[in-house]
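The chain contents come next:
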Amino acid sequence: MTESQKLYTRMRLWEFPDQYVIEPTDATPGPCLSISRVDASLNLIEEVTRSDVSETFTIFGIAGMLKLFAGSYLIAITECECVGSYLGHPFYKVTSLKVFPCDHSLKNSPAEQKKMETEFSALLKVAEKTPGLYFSYHVNITLSAQRLHELSDETRLLPLWRQRNVLPQAEPRFLWNNYMLEVLIDNKLDPFSLPIIQGSFQSFQAAIGKNVIDVTLIARRCTRRSGTRMWRRGADSDGYVANYVESEQIITSNGYTASFVQVRGSIPLIWDQIVNLTYKPKFEILRLEDAPRVIERHFLDIRKRYGNVLAVDLVNKHGGEGRLSEKFADAMQHISGDDVRYLHFDFHQICGHVHFERLSILYEQIEDFLVKNRYLLLNEKGEKVEVQTGVVRSNCIDCLDRTNVTQSMIGRKMLESQLRRLGLFDAEETINSHPNFDDSFKILWANHGDEISIQYSGTPALKGDFVRRGKRTFQGILNDGRNSLMRYYLNNFCDGTKQDAIDLLQGHYIVSASRDMMPTSQKGGIEAIASFRLAMALVMTGLFFTMMSLRRGHYDFWNVLSSIMWASMSLAVAIVVKANGRVFCNRPSLHKPPR
């Protein structure tokens, strides 16, 4: 495979009073990049003058630059680790980002602008902790193996960021730092322009007889409607949906490569859930008259990129979820045909909370689609033997827990089909018949689901014990309860700020004309110490004592009473928090409402 223009893989960042200088230190020769700390202007220089150096940092890539009203910021990768390989090329995970401000011009600026800069800086501190970022210096990881294989040799010689503009193969939507790279691209700084995706990378190697098999699972998160669980729901008017993720499962063995792609994404209607301290806020369907047009745009885009589409809707048939599903199904009638199918499967009604093996019922309904649309298969010479001509699009409400269980089942079935095609499995042989391989495959998908879930909800996926162990466990149910409580806390009290940080990095933020930067007054008494962290601590303490008593078989009156008391105290604190206006961190001032 022909490699693209080389990127710098290791650099030294020199911090001077008036500028940053980035010096390539790998084997690739090239000029240094100077970034002014006064006006953020960029220039190439031949060497570093090392007098008046404040500090030096080793960096492994530049994520990009942000030019904001309150100044400019350089974002660099200060730590990373190699987590595996993608089609023979090293694949890296970002373990530490650092923001370098270029804000010296603000020293004599008005107080309001300085306040704005303080607020931006706080959001960028949140952005530094962005999870699940990955990159490669040598291959375009925004592309699936099938689309990468379709690139011409001439295209592969282009810088990685330029391959995003070669249609229809490229996927700019999966380029996490698309907006931040614009400044570098405009200045033709190709060797410094490192494409990054947000998602997941998991892999393992196993042996079946004398055959060695490498299995890789990659997630690519779309940036068009990125955000957090309760703050980004449904679709926008262009048909882009929240929590849209492409998952690609790749195996290599004996020179052959097989790739299978699935996607997930929020129900493509314009709908929302406004956080209001209730455990499950009401679903609100907006602009229902636009539903057919939004859904048509959404599926037209998927068809262009993947071919045939099977939409598997896993939500409940009744209640608020049922109303969403009903409107989804109604709108799908207008576009359903040979190339687009809709299937509703009430996951909770059929599988309950423990009988996930009943997903076999779903597989029987979609098997014909999977067999017909196949997967990518390359032989020892890298020639195409099969291509994937369609995709399964799965959704529940969050597109996390039920969706991950379902996608792992589909991934398992397709892997077994591929191994039979390669002659590694007999006609009736399954992954279950190889315990070590089976365990590794379960862990692969469980970790995949956890990483996607942490990015959207802040916690690992629910129902992960089934994906990880093949059955529901008491400990898994307890973990689900704990993670559900944590999601409630994060959704109501932290995710608004996190949403602002995401919008800032993606160029989607807005600034209110007038707003209070800080609380205007401080309350006394219990209001001064009330916070949902305190409420959560009380809830978790009560839950701990309740679980301890249940595990020991003590159902006595005093244990139950103490748990009720803890819960009552927690509720009281939460009410105080709400009454004193400290809910949702006062709903972020930079948040851009969903379109």
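Higher on the page you've got the structure.
## Some words on the packing of helix α9 (residues 401-421) against helix α10 (residues 435-457)
Then, number 1: Here α9 crosses α10 at 140°, and the two axes come no closer than 10 Å. Judged by the inter-axis angle, α9 sits oblique to α10. In this structure, α9 meets α10 at a crossing whose hand is right-handed. Facing N404, Q407, S408, G411, R412, L415 and L419 of α9, the residues of α10 in contact are F437, D438, F441, K442, W445, H448 and G449.
Then, number 2: In terms of residue class, the contact of α9 with α10 is made up of 5 nonpolar, 6 polar and 3 charged.

## Considerations on the pattern of salt bridges
Then, number 1: Inspection of every chain in the model, using the stated rule, returns 22 salt bridges.
Then, number 2: With a shortest N-O distance of 3.2 Å, D301 and R305 are connected by a salt bridge. Of this pair, D301 and R305 both sit in helix α5 (residues 291-306), separated by 4 residues, roughly a single helical turn.
Then, number 3: R303 is paired through a salt bridge with D339; the nearest N and O atoms lie 3.2 Å apart. Residue R303 is found in helix α5, and its partner D339 is found in the loop between α6 (319-332) and β17 (340-344); the two are separated by 36 residues along the sequence.
Then, number 4: A residue is classified by how much of its surface remains accessible, and R303, at 26% relative accessible area, is partly exposed.
Then, number 5: The partly exposed category is assigned to D339, whose relative accessible area is 31%.

## Description of the packing of aromatic side chains
Two aromatic rings, taken as a pair, are described by how far apart their centres are and by the angle between their planes.
Then, number 1: Overall, the coordinates contain 14 aromatic pairs when judged by the stated rule.
Then, number 2: Relative to F91, the ring of Y86 lies with its centre 6.2 Å away and its plane at 85°, an arrangement referred to as edge-to-face.
Then, number 3: Under the relative-accessibility criterion, F91 is labelled buried at 0%.
Then, number 4: A ring pair is formed by F91 and Y134, whose centres lie 5.7 Å apart and whose planes are at 50°; its orientation type is tilted.

## Thoughts on the side chain of E416
Then, number 1: Counting through the fold element by element, E416 comes out in helix α9.
Then, number 2: Although buried, E416 forms no salt bridge, and the nearest oppositely charged side chain, R420, lies 4.0 Å from it.
Then, number 3: When sequence neighbours within four positions are dropped, the list of residues in contact with E416 reads F425, T430 and I431.

## So, the pairing of strand β1 (residues 11-15)
Then, number 1: In terms of burial, β1 is largely enclosed, as 4 of its 5 residues are buried.
Then, number 2: Where β1 lies against strand β2 (residues 19-24), 5 bridges are found, and the strand directions are antiparallel. Each residue of the ladder has a partner; that of M11, found in β2, is P24.
Then, number 3: Taking the residues that link successive antiparallel strands as the turn, the β1-β2 hairpin has 3 residues.

## Some words on the nonpolar core
Then, number 1: Grouped together as the largest cluster of nonpolar side chains are 73 residues, with contacts concentrated most on F299, L362, I366, L419 and F437.
Then, number 2: Sequence-distant contacts of I366, that is, excluding residues within four places in its chain, are made with L310, V312, L343 and I410.
Then, number 3: Core analysis: the second largest hydrophobic core is formed by 29 residues, Y73, L97, F135 and A501 among them.

## Concerning the environment of F60
Then, number 1: Following the sequence through the fold, F60 ends up in the loop between β5 (55-59) and β6 (61-68).
Then, number 2: Separated by 19 residues in the primary sequence, F60 and E79 place their C-alpha atoms 6.9 Å from one another.

## Remarks on the pairing of strand β11 (residues 211-221)
Then, number 1: The element β11 is extensively covered by neighbouring structure, given that 8 of its 11 residues are classed as buried.
Then, number 2: Two strands pair when backbone bridges link them, and strand β10 (residues 197-208) and β11 are joined in this way by 10 bridges, in the antiparallel orientation. What sits directly across from A207, in β11, is V212.
Then, number 3: Hairpin connection, β10 to β11: the antiparallel pair is bridged by 2 residues, and G209 has positive phi, about 65°.
Then, number 4: The pairing of β11 with strand β12 (residues 245-253) spans 8 bridges and is antiparallel. Within β12, the position partnered with V215 by the bridge is I251.

## Topic: unusual backbone geometry
Then, number 1: Of note, the phi angle at N254 is positive, near 55°, even though the residue is not glycine.
Then, number 2: When you line up the elements, N254 lands in the loop between β12 and β13 (256-264).
Then, number 3: Residue classification places N254 among the partly exposed positions, given a relative accessible area of 49%.
Then, number 4: Of note, R287 is a non-glycine position whose phi angle comes to about 45°, a positive value.
Then, number 5: Taking relative accessible area as the criterion, R287 reaches 36% and is therefore assigned partly exposed.

Rules behind the numbers
Residues numbered from 1 in each chain as written. Predicted model: local features only at pLDDT ≥ 70, side-chain atom pairs only at ≥ 80, totals over all residues. Heavy atoms only, no water. Axes fitted to C-alpha atoms, helices over the stretch in contact; angles between N-to-C directions. Helix = DSSP H or I, 4+ residues; strand = E, 2+ residues; numbered from the N terminus. Parallel < 35°, antiparallel > 145°, perpendicular 65-115°, else oblique. Left-handed = near helix turned anticlockwise from the far one by under 90°. Contact = heavy atoms within 4.5 Å. Nonpolar A, V, L, I, M, F, W, Y, C, P; charged D, E, K, R; others polar. Salt bridge = Lys/Arg side-chain N within 4 Å of Asp/Glu carboxyl O. Buried < 20%, exposed > 50% of the residue type's maximum accessible area, 1.4 Å probe, protein only. Phe/Tyr/Trp six-rings, centres within 6.5 Å; stacked < 30°, edge-to-face > 60°. Lys, Arg positive; Asp, Glu negative; His and termini not counted. Pairing = 2+ DSSP bridges. Core = buried A, V, L, I, M, F, W, Y, C linked by side-chain atoms within 4.5 Å.

In short, the description is geometric, and any link to function would need to be established separately.
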